Amino acid sequence: MHHLKKRQVAGLPLTVTAPADVAKLICETASQRQHGGQDIHLINAYSVALTESDSFYRRCLEEASHNLPDGRPLAWVTKLSSAPLNQVRGPALFEKVIDLGRQHGVRHFLLGSTPETLDLLEAALKHRYPGVKVVGKYSPPFRSLSARDIEYQDTQILNADADIVWVGLGTPKQDLEARRLARDKGLYAIAVGAAFDFSAGTKKEAPRWVGNLGLEWLFRFASEPRRLWRRYLIGNLVFIRAVAKGATQK
């Protein structure tokens, strides 16, 4: 995927690609094992807003192998430009790579969430995609990890000999972990957001018509207002400001 074109949004590099091509490219690159380690991030307006106040997270995305626009607003703000972005939804990409990966013999490792959700997720994937190779899964402790914790986690992943490590730890933790796994361990790691919960059935996705209107964020906000109000109400304002600032700096 190294050859794909990139463009800047709010100072961050986003990969320009057709959603239909992404899953195939990921499967081909991951299964070849000659990538030298890559980190792929599904980012949205909240991700962009967070980089405005977190310089370490911003550097993570600036130096990423690929940032894919998982959010309709990122596509909207580039629609009239010479290199418009197409939305690449994390949950849909996850399922497509799981499906298509069977043709390439791709080996998957699931990192994140809770043990219960991971069990449900693995069972759901094996039911929907017979022959899928889920070679390992691990739910890290919900606290700051010690050096011993990280060593244990990495051993689980490396022993599984996975082609793709799917990281679902929440933003920005999952992005920082995907970057570390790619850089320090030479792994192909994808920070995939809430895809685990949606595929496992522990959270409900927005209806397609809601997504087509670009209102998926509103659906999620309505389902978890106490947890998400700051992310969407304040985050969206910060995102708009960041995009405007980036446009004036060109």
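Worth saying up front: this structure is predicted, and the values here are computed from it rather than measured.

Basis of the calculations
Residues numbered from 1 in each chain as written. Predicted model: local features only at pLDDT ≥ 70, side-chain atom pairs only at ≥ 80, totals over all residues. Heavy atoms only, no water. Helix = DSSP H or I, 4+ residues; strand = E, 2+ residues; numbered from the N terminus. Contact = heavy atoms within 4.5 Å. Core = buried A, V, L, I, M, F, W, Y, C linked by side-chain atoms within 4.5 Å. Buried < 20%, exposed > 50% of the residue type's maximum accessible area, 1.4 Å probe, protein only. Pairing = 2+ DSSP bridges. Axes fitted to C-alpha atoms, helices over the stretch in contact; angles between N-to-C directions. Expected span 1.5 Å × (residues − 1). Arc of directions from axis to C-beta. Polar contact = N/O pair within 3.5 Å; in protein donor to acceptor, adjacent residues only side chain to side chain. Phe/Tyr/Trp six-rings, centres within 6.5 Å; stacked < 30°, edge-to-face > 60°.

Any details on the side chain of Asp 154? Residues and values, ideally.
Residue placement: Asp 154 occurs in helix α7 (residues 147-160). With residues up to four places along the chain from it excluded, the contact list for Asp 154 reads Arg 180, Leu 181 and Lys 185.

Account for the nonpolar core, naming residues and giving values.
If you look at the biggest cluster of nonpolar residues, it comprises 30 residues, and the most contacted ones within it are Ile 26, Leu 93, Phe 94, Ile 164 and Trp 166. Every residue in contact with Leu 93, bar those within four places of it in the chain, is listed here: Val 22, Ala 23, Ile 26, Leu 42, Leu 68 and Val 88. Core analysis: the second largest hydrophobic core is formed by 17 residues, Leu 14, Ile 43, Ala 45 and Val 243 among them.

So what about the sheet that holds strand β3 (residues 38-43)? Which residues, and what values?
If you walk across this open sheet you meet the six strands as β4-β3-β8-β7-β5-β6, and the pairing is parallel. Each end of this open sheet is capped by a strand with a single partner; those strands are β4 (66-69) and β6 (133-138). Here the average twist between neighbouring strands, direction ignored, is 20°. Bridge count between strand β7 (residues 164-168) and strand β8 (residues 188-191): three bridges; the pairing is parallel. Residue Val 165 lies in a different strand from β8, and its bridge partner there is Ala 189.

Quick one: what's the story with helix α6 (residues 115-128), residue by residue and with numbers?
Over its 14 residues, α6 runs 20 Å from end to end, which matches the ideal 20 Å to within 8%, given 1.5 Å per residue. Listing the buried residues of α6 in full gives Thr 117, Leu 118, Leu 121, Glu 122, Ala 124 and Leu 125. One side of α6 carries all its buried residues, which in axial view fall inside an arc of 165°. Facing away from the buried side of α6 by more than 90 degrees, the exposed set consists of Glu 116 and His 127. Check the buried side of α6 and you find it contacts α5 (90-104), β5 (107-112), β6 and α9 (195-200).

Which residues make up the side chain of Ser 139, and what values go with them?
Within the secondary structure layout, Ser 139 lies in the loop between β6 and α7. A distance of 2.5 Å separates the side chain of Ser 139 from the backbone oxygen of Ser 113, its partner in a polar contact. In this structure Ser 139 touches Gly 112, Ser 113, Thr 114, Pro 115 and Leu 118, once residues within four positions along its chain are discounted.

I'd love a proper account of the pairing of strand β1 (residues 6-9), names of residues and values included.
Burial of β1 is one-sided: the residues Arg 7 and Val 9 facing one way are buried, the residues Lys 6 and Gln 8 facing the other way are not. The hairpin turn running from β1 into strand β2 (residues 12-15), its antiparallel successor, is two residues long, and Ala 10 in that turn takes a positive phi close to 55°.

Please give an account of helix α3 (residues 55-62) that cites residues and values.
Within the sequence span of α3, burial applies to Tyr 57, Arg 58, Cys 60 and Leu 61. Angular distribution of buried residues about the axis of α3 spans 155°; they occupy a single face of the element. Elements in contact with the buried residues of α3: β2, β3, α2 (45-51), β4 and α8 (173-185). You can read the cap of α3 off the contacts: a side-chain oxygen lies 3.2 Å from the backbone nitrogen of Phe 56, and it is on Asp 54.

Can you explain the packing of aromatic side chains? Please cite residues and give values.
On inspection of all chains with the given rule, the structure shows three aromatic pairs. An angle of 85° between the planes, with centres 4.8 Å apart, marks the rings of Phe 94 and Trp 166 as edge-to-face. Taken together, the positions of Phe 94 in helix α5 and Trp 166 in strand β7 put the pair 72 residues apart, joining distant regions of the chain. The two residues Phe 94 and Trp 166 agree in class, both being buried. A centroid spacing of 5.8 Å and a plane angle of 50° characterise the contact between Phe 94 and Phe 196, whose relative ring orientation is tilted.

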